[in-house]
Amino acid sequence: MERAIFISNIDNLKYVDSKYSRLYFGNEFCQRLIPSLEDLKKAAEFILKKRMDFTLVTPYVTDEGLEVLRPIAEFVARNLPEAEFVINDWGVLRILRKEFDFLKFVLGRLLTKQKRGPRILSLKDKIFPDTIRHFKGSNIDVPELSEFLMNNGIVRVELDNLLQGIDRENPSLRASLYIPYNYVTTTRYCLTAGCVTGENHLRSISNCNKECQKYTFRLRHKKMPVDLLLKGNTQFFKNNSLPSNLEKLNIDRIVYQPEIPI
Amino acid sequence: MKILAPINSLKDVKGVIDAGADEIFCGVLSHDWLQRYTNVASLNRREWKAANLSSFSELQKIVEIAHDNNILINLALNALYTKKQYSLIFEQIEQFISAGVDALIVADLGLLLSLKKRKIDIGIHISTGGTTFNSQTAKFYEEFGISRIILPRHLQIQEIERITKNCPGIKFEAFILNSGCKNIDGFCTFQHGVNEIIHPKAWDLPKRLNFDRHLLNIIRRLPPKLSRNIKAGVFGIDSACLLNYDVSFDVAANVGKKTSKKILNNISSNFNLLSGVDACGACRLSELKNAGIYAVKIVGRNYSTEKKIQDTRFIKTVLTHIEEHNLTRNEFMVFTRNAFRQVYKMKCAHLCYYPDGM
């Protein structure tokens, strides 16, 4: 079992120790948090020194975000050609495949389409076995999609550790499992931006003062079976218990997040 | 620019067509599907039974009326599916096709690939769930021969324009009215329609009677200071994005007590019922048209026939005004807000679909 560690802030290199053979760096949820070239270089120096493997994590992006990603991708392609790219946007896959077809791509959590909402736990006794099985699954194991992914440079898929468990039937793509933080929902109308000044509005892409780097919130409600964690524009839940059938699920990598990767 | 109106019943069809709809869209939750997967794993992104047709025979009658009036009908098939569901999905698709629908609205790449593999000859619209946030994603879908892309709610008009200009071969659709979800549709994994399973009797009838919309209409008439303090849970509307969460710091914040309280209040204020109030983008229609949008979608399949007709008529009035008058942006906004007040008998609440640049 490969052990990887995922950080989104370069200061969190402090968490990396010899238990891990791969560093994930970047973020999935906000193009404003795409790492700077300077931080990427620090991460690259670090992994070369420690002889670790490297995975760059990229978010979904607008056209403006694509331009921000370009120099980052060029740096990785030039200096770390063995690196993996986690893709959370089909457009990012399209353009990177055209320009750097030698890179290894990984399908990120935003595109692996698991049913993460924790309220499924409240329904377990009220819905049919076929429905429960559906909620444990994902579209990535539909043969037409798996085949397409493999033909388009995707070498693995990233999975969250669902509270209801995971079900994969004859999975052809290798998978990574993220612990302990699992994303549930995300928005461009960031709930945290402007939280200090009160300038946040219900429906706007607010000015950002990187409040997400300072505060994490716990959301509790009797109808939500577990607490949600709000960091920046994304809500997560925590799940520390690993499935017992990792091999059957074709999971051969654990991605540990020491902090919520925002 | 075309107008798409929602329907969930045969009785909606003539009314929205007469009010100015150019196309209609709907979803079906059949008995067969509900028996295996329930409404929470709906065949489309509207998990309430009240938002969907329940039979193919009703769909067929709707298609006949629509086609008699030269109106296209698009069918939502925009959930995300797992392998075991495919045999039933394709059984349902056969029935949609034999009923005569013009296009399927699809979000799942697995389904898109399966439709192509089976060479199913029908228009395919990429749902907002396809998360087309940039031109490259639009081109990615274009390579599958799709005929339209419905853009995410969370794009700004200038971002939309950049996509449309870079992809002249694709028709783009944007949301214009109702259901302004604050989370990104294609990336949100909360279950909806949970109450319909937990409290089936107490939930379905109020939903069919549009209780939730009437409630939201009352809330939007209240002063913002008051309306922002009304939390969803107290009324039984319990979508996870609207629950009145108890908000605390997960990690102690390095700020004073007063600032700390203010921050928690500000975060808490995101989770009010007002954030579920129907958003409107009518006063940006002119800009959306100039940005290259082909069609605008009115959301709200589960709303009453009266509301659907009212919404369609409102958008038609505004679009007609654009075509007949050469107004400045400000003049157009004043016209639209007046039209809003006349149609809905209340002031525009500034709950904008496209708040950028406002």
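Refer to the preceding data block for the structure.
Residues numbered from 1 in each chain as written. Chains lettered and ligands numbered in written order. Predicted model: local features only at pLDDT ≥ 70, side-chain atom pairs only at ≥ 80, totals over all residues. Heavy atoms only, no water.

A. The sheet that holds strand S9 (residues 217-220) of chain A, seen in detail. Here 5 strands make up an open sheet; going across it, the order is S8(A)-S11(A)-S10(A)-S9(A)-S8(B) and the pairing antiparallel. Strands at the two margins of the open sheet, each flanked by one partner only, are strand S8 (181-186) of chain A together with strand S8 (246-249) of chain B. Between one strand axis and the next, the sheet turns through 30 degrees on average, direction left out of account. Bridge count between S8 of chain A and strand S11 (residues 234-238) of chain A: 5 bridges; the pairing is antiparallel. (Pairing = 2+ DSSP bridges. Helix = DSSP H or I, 4+ residues; strand = E, 2+ residues; numbered from the N terminus. Axes fitted to C-alpha atoms, helices over the stretch in contact; angles between N-to-C directions.)

B. Structural view of the packing of helix H4 (residues 86-99) of chain B against helix H5 (residues 109-117) of chain B. All names here are of chain B. Relative to each other, H4 and H5 sit at 60 degrees, their axes nearing to 12 Å. With respect to H5, the element H4 is oriented oblique. Crossing of H4 against H5: the hand is right-handed. Of the residues in H5, those touching H4 at Tyr-86, Ile-89, Phe-90 and Ile-93 are Gly-110, Leu-111, Ser-114 and Leu-115. Grouping the constituent residues of the contact of H4 with H5 by class yields 6 nonpolar, 2 polar and no charged. (Parallel < 35°, antiparallel > 145°, perpendicular 65-115°, else oblique. Left-handed = near helix turned anticlockwise from the far one by under 90°. Contact = heavy atoms within 4.5 Å. Nonpolar A, V, L, I, M, F, W, Y, C, P; charged D, E, K, R; others polar.)

C. Looking closely at the nonpolar core. In terms of nonpolar packing, the biggest core is built from 174 residues, with Phe-54 of chain A together with Ile-24, Leu-59, Phe-96 and Ile-315 of chain B touching the most fellow members. If we skip the residues at most four places from it in the chain, Leu-59 of chain B touches Cys-26, Val-28, Leu-53, Ile-73, Leu-75, Phe-96, Ala-99 and Val-101 of chain B. Judged by nonpolar contacts, the second largest core, of 22 residues, contains Val-184, Leu-191, Leu-219 and Leu-228 of chain A. (Core = buried A, V, L, I, M, F, W, Y, C linked by side-chain atoms within 4.5 Å. Buried < 20%, exposed > 50% of the residue type's maximum accessible area, 1.4 Å probe, protein only.)

D. Region of interest: the pairing of S9 of chain A. A one-sided burial pattern is seen for S9 of chain A, the buried positions being Phe-217 and Leu-219 of chain A and the unburied ones Arg-218 and Arg-220 of chain A. Relative to S8 of chain B, S9 of chain A is paired through 4 bridges, and the arrangement is antiparallel. Each bridged residue has a counterpart across the sheet, and for Arg-220 of chain A the counterpart in S8 of chain B is Asp-246 of chain B. Here S9 of chain A runs beside strand S10 (residues 228-231) of chain A; their pairing, made up of 3 bridges, is antiparallel. If you follow Phe-217 of chain A over to S10 of chain A, its bridge partner there is Leu-230 of chain A.

E. Focus on helix H7 (residues 157-166) of chain B. Within H7 of chain B, burial applies to Ile-157, Glu-159, Ile-160, Ile-163 and Thr-164 of chain B. Within H7 of chain B, the buried residues cover an arc of 155 degrees as seen down the axis, which keeps them to one side. Summarising the geometry of H7 of chain B, the exposed residues directed more than 90 degrees from the buried face are Gln-158 and Lys-165 of chain B. Packing partners of the buried residues in H7 of chain B comprise helix H2 (63-79) of chain A together with helix H6 (135-142), strand S7 (171-177) and helix H13 (285-290) of chain B. (Arc of directions from axis to C-beta.)

F. Here's a closer look at the pattern of salt bridges. Overall, the coordinates contain 37 salt bridges over all chains when judged by the stated rule. One salt bridge connects Glu-82 of chain A with Lys-104 of chain A, and the closest N-O pair in it is separated by 3.6 Å. Of this pair, Glu-82 of chain A sits in the loop between H2 and strand S4 (84-87) while Lys-104 of chain A sits in strand S5 (residues 104-107), placing them 22 residues apart in sequence. Its relative accessible area of 61% is what places Glu-82 of chain A among the exposed residues. Judged by relative accessible area, Lys-104 of chain A falls into the partly exposed class, the value being 30%. A salt bridge links Lys-307 of chain B to Asp-311 of chain B; its shortest N-O distance comes to 3.1 Å. Here Lys-307 of chain B and its partner Asp-311 of chain B are both found in helix H14 (residues 305-324), 4 residues apart, which amounts to about one turn of the helix. With respect to burial, Lys-307 of chain B and Asp-311 of chain B carry one shared label: buried. (Salt bridge = Lys/Arg side-chain N within 4 Å of Asp/Glu carboxyl O.)

G. Examining the interface of chain A and chain B more closely. Counting residues at the interface gives 75 residues for chain A and 85 residues for chain B. In total, chain A and chain B occlude about 7000 Å² of area from one another, counting both sides; carbon and sulfur atoms represent 59% of this. For the interface between chain A and chain B, the tally reads 8 salt bridges. Put simply, Arg-162 of chain B and Glu-67 of chain A hold a salt bridge, and the shortest N to O gap is 2.2 Å. For the interface between chain A and chain B, the tally reads 37 residue pairs in polar contact (both at pLDDT 80 or more). Going through the elements one at a time, H2, helix H3 (90-99), helix H4 (120-123), helix H5 (129-136), helix H6 (143-151), S8, S9 and S10 of chain A are the ones with two or more residues in the side of chain A that touches chain B. Ranked by residues supplied to the side of chain A that touches chain B, first place goes to H5 of chain A with 5 residues. Looking at side-chain class alone, the side of chain A that touches chain B contains 32 nonpolar, 23 polar and 20 charged residues. (Buried area = accessible area lost by both parts, 1.4 Å probe. Polar contact = N/O pair within 3.5 Å; in protein donor to acceptor, adjacent residues only side chain to side chain.)

Everything listed here is a matter of geometry and, on its own, says nothing about what the molecule does.
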